[in-house]
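Spelled out, the chains give:
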Amino acid sequence: MSRASPETLLLAARRRPLDQLESRLVRRHLAAPDASGRAVLDALRYVISLARLTSLRGREGRTLAVGSAMALHSAWVKEEVEKRLVGLHRLSDLSGTIGDLVQRTREVRGSLLANLPVDRQELEAQVCRRTLVVVSGGGGGAGFVYPGVYHRLERMGLTPDLMVGTSIGALLSLFRARHRTYDQAVLMEGARSLSWSGIFTVLESKNRYGLPATLKMDLQGVLGPIFRHPEGRTLYLSELEIPTYVVSTGITVDALKHDMDYYEHFFDGEVQRGAQAGLRSVAKTMQVVREFLSRPDALVEVVLGRDAGTERFDALDAAGFSSAIPGALHYDVLRSDARMHRILDALYAERGITRLGEGGMVANVASRVGWESAAAGRLGIRNSFVLSLDCFAPSLRSPLWIPLAEAVRRANVVEHSRFADLTLTLTRTLSPLNLVPSVRDSMTAMRWGREALEPHVPFMKEMMRPIPRLGG
């Protein structure tokens, strides 16, 4: 199921209100910027950031939990800052009135340094720095707007510290994560190599790890050369230059309402009808996905690259499983690959699942996965800015997909959205059915992505700007 763990809920209750308070301060300053307001903003951001400390790394490398010791101070800071924001128009109006907040922050910082085996450099890094987490949601061909967002971030000088992807968002995250410096030429090379017949076939085949479907996907054959390791094999998730997690759905036996043959031939009639079967195909896709969404207790959130034992998961295999829509698209590892078979067999036994499939059934825009990964210390710095990209939100521009988009939104997108610092809802997109767009269509979609992020650039730049150290 796509539910937050008790540990995540505790961290969120402690940290998210302060995350949101900092965002409010930044937006207030951007609405009426001036030099005095900048000084107030810097001081209050430091005050808030120190108040949300929950863990520090000690001199011996051991993690030191400080959440309980900081709880009363954290609550006091939140109450005092919120009180002073009531009716406030400009942050500069607080000049000269935040001395008590600053002084108590210095005292708490001094107490931590005096009583814990932690260096000030470590403490200041946790307070002043922030990582960037980019979450890319599922939505078929609509997701080809995402590279435009990646490109605009690169032009801003912002390199993601973590990519989290579901379905098409997983595949496009791989292209971004291949190198720390974004190379759009590699993506265009991939777009030129795509063809419907190259990726999808209707041939009957065995199934072992994926749920069978009418169309079979072959990502390795088409994109394998782009994700080639110097040793000649394709890259593992752990070998991408930017850490990347891919969300897939573990399907238990209880989630299956039909036998395997039913899913394998679910779309046979639509494939034979060709282009005229579009409306019927969408309706059938909604039918089968809703069947799975009706049994959330029988679905398991699997985060490939993060879950124990999946760090060396083949990157393209991860994106393939995450994109495998029940009945519509089948992905599997049927090749002779003992290493991947061992990983999958162990995963299935550990999680009690019988198949892997479309990640959107448990977390279509996996904001929580990104936030909790940073907050738990997986990126070193626990403060993060989570940018979530949603190309499949209900939109009048795509009325045909509204019922399915609304069902997915209710099932898991809303629950995850509270963990995002900025959710970019992308409504100008290609059709979700345009899974193999032309280069021209891809370029148009990228432009839409860049334009969609543009109004949020000042906010993101300010939030990602390191917080100046508080003197004293």
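If you're wondering where the values come from, they're calculated on a predicted model, not measured in any experiment. (Residues numbered from 1 in each chain as written. Predicted model: local features only at pLDDT ≥ 70, side-chain atom pairs only at ≥ 80, totals over all residues. Heavy atoms only, no water.)

Trainee: So what's going on with the overall build of the protein chain? Which residues, and what values?
Mentor: Counting its secondary structure elements, the protein chain contains 20 helices and 12 strands. Here the protein chain has a C-alpha radius of gyration of 23 Å; the compact-globule value for 472 residues is 23 Å, and the two agree. If one aligns the C-alpha atoms of the protein chain with their principal axes, the spans along those axes are about 75 × 45 × 45 Å. Residues counted as buried form 58% of the 472 residues belonging to the protein chain. For the protein chain, restricting intrachain contacts to residue pairs at least 6 apart in sequence, the fraction spanning at least 24 positions comes to 81%. Accessible area for the protein chain stands at about 19,100 Å²; split by element, carbon and sulfur atoms hold 52% of it. Put simply, the protein chain has 61 plus and 51 minus side-chain charges, and the middle of one group is 5 Å from the middle of the other. (Helix = DSSP H or I, 4+ residues; strand = E, 2+ residues; numbered from the N terminus. Rg over C-alpha atoms; globule rule 2.2 N^0.38 Å. Buried < 20%, exposed > 50% of the residue type's maximum accessible area, 1.4 Å probe, protein only. Contact = heavy atoms within 4.5 Å. Areas by Shrake-Rupley, 256 points an atom, 1.4 Å probe, with all protein chains shown as cover. Lys, Arg positive; Asp, Glu negative; His and termini not counted. Charge placed at Lys NZ, Arg CZ, Asp CG, Glu CD.)

Trainee: Describe the nonpolar core, and please don't skip the residues or the numbers.
Mentor: Core analysis: the largest hydrophobic core is formed by 156 residues, its most contacted members being Leu223, Phe292 and Met460. Here the element with the most residues in this core is helix α2 (residues 35–51); it accounts for nine residues. Apart from the residues within four sequence positions on either side, Met460 is in contact with Leu132, Leu153, Met156, Leu158, Phe385, Leu387, Leu422 and Leu453. (Core = buried A, V, L, I, M, F, W, Y, C linked by side-chain atoms within 4.5 Å.)

Trainee: Go over the environment of Gly169, please, and point to the residues and values.
Mentor: You can see Gly169 is positioned in helix α7 (residues 168–177). Accessibility expressed as a relative area gives 0% for Gly169, which makes it buried. Note: C-alpha distance between Gly169 and Val333 (164 residues apart in sequence) is 20 Å.

Trainee: If you had to explain the pattern of salt bridges to someone new, which residues and values would you point to?
Mentor: As enumerated under the stated definition, the model contains 38 salt bridges in all. A salt bridge links Arg57 to Glu122, with the nearest nitrogen and oxygen atoms 3.3 Å apart. With a gap of 65 residues between them, Arg57 in strand β1 (residues 55–57) and Glu122 in helix α5 (residues 120–128) connect regions that are remote in the sequence. Arg57 sits in the partly exposed class, given a relative accessible area of 45%. For Glu154, the salt bridge is made with Arg176, and the minimal N-O distance between the two is 3.3 Å. One end of the pair, Glu154, is in helix α6 (residues 146–155); the other, Arg176, is in helix α7, with 22 residues separating them in the sequence. Residue Glu154 is classed as partly exposed on the basis of its relative accessible area, which comes to 23%. Among the residues examined, Arg176 registers a relative accessible area of 1% and is labelled buried. (Salt bridge = Lys/Arg side-chain N within 4 Å of Asp/Glu carboxyl O.)

Trainee: Lay out the packing of helix α8 (residues 184–193) against helix α19 (residues 439–453) with the relevant residues and their values.
Mentor: Two packed helices can be described by the angle between their axes and the distance between those axes. Where α8 meets α19, the closest approach of the two axes is 10 Å, and the angle between their N-to-C directions is 140°. Classed by the angle they form, the pair α8 and α19 counts as oblique. Read as a crossing pair, α8 and α19 show a hand that is right-handed. Taking contact as the criterion, the partners of Gln184, Leu187, Met188, Ala191 and Arg192 in α8 are, on α19, Val439, Ser442, Met443, Met446 and Arg450. Here the contact of α8 with α19 is composed, by residue class, of six nonpolar, two polar and two charged. (Axes fitted to C-alpha atoms, helices over the stretch in contact; angles between N-to-C directions. Parallel < 35°, antiparallel > 145°, perpendicular 65-115°, else oblique. Left-handed = near helix turned anticlockwise from the far one by under 90°. Nonpolar A, V, L, I, M, F, W, Y, C, P; charged D, E, K, R; others polar.)

Any functional reading would require information beyond the geometric quantities listed.
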